[in-house]
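Fold and geometry: a report
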Amino acid sequence: MTRRGTPEADLQRAVVRALRLALPRTAIVHHCANEVTEPGPHGAKRQAILVGMGVYAGFADLTVLCDGRILFLELKAPKGRLRPAQEAFRDAVLAQGFGWALVRSLDDALGVLADHGFTTRIVAPARKDAP
């Protein structure tokens, strides 16, 4: 189901469904909700509680754990841009030797699995290099 005004959420739902079909059944695909979007004092209080519980600014939208590998996926609409905290998270993850990828489409998500050596139950579509 596509909802108007939520392109990243729509993409994320499609990617989660596809990853759960493509990856071995033992794989874990996890989303960590790390932001409160409720405005005002109640939202700020809730966000402070989450930060105190370990929420990490810029944490990727999805984490994939499979066959001893970890891959972080940041999902963005076609024209979406990384925030500075997301860039810092990406840099920290890559510096530690983990996989990280920016995903803008379902084809991107499936191609990224192959790029990072994940075994899948389907054949990923051929990927076009960005200009």
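Residues numbered from 1 in each chain as written. Predicted model: local features only at pLDDT ≥ 70, side-chain atom pairs only at ≥ 80, totals over all residues. Heavy atoms only, no water.

Counted by the stated rule, this structure contains 2 salt bridges. The partner of Arg-13 in a salt bridge is Asp-10, with the nearest N and O atoms 2.6 Å apart. Of this pair, Arg-13 and Asp-10 both sit in helix 1 (residues 7-22), 3 residues apart, which is roughly one turn of the helix. With a relative accessible area of 31%, Arg-13 lands in the partly exposed category. The exposure class assigned to Asp-10 is buried, which follows from its relative accessible area of 13%. The partner of Asp-91 in a salt bridge is Arg-90, with the nearest N and O atoms 2.9 Å apart. (Salt bridge = Lys/Arg side-chain N within 4 Å of Asp/Glu carboxyl O. Helix = DSSP H or I, 4+ residues; strand = E, 2+ residues; numbered from the N terminus. Buried < 20%, exposed > 50% of the residue type's maximum accessible area, 1.4 Å probe, protein only.)

Within the largest apolar cluster, 22 residues are counted, with the highest numbers of intra-cluster contacts made by Val-15, Leu-19, Leu-23 and Leu-73. Contributions of two or more residues to this core are made by helix 1, strand 2 (62-66), strand 3 (69-75), strand 4 (99-103) and helix 4 (106-115). Ranked by residue count, the leading element in this core is helix 1, at 6 residues. Dropping the residues within four chain positions of it, Val-15 is found in contact with Leu-62, Leu-75, Val-103, Leu-106 and Ala-109. Core analysis: the second largest hydrophobic core is formed by 6 residues, Ala-60, Phe-72, Leu-82 and Phe-89 among them. (Core = buried A, V, L, I, M, F, W, Y, C linked by side-chain atoms within 4.5 Å. Contact = heavy atoms within 4.5 Å.)

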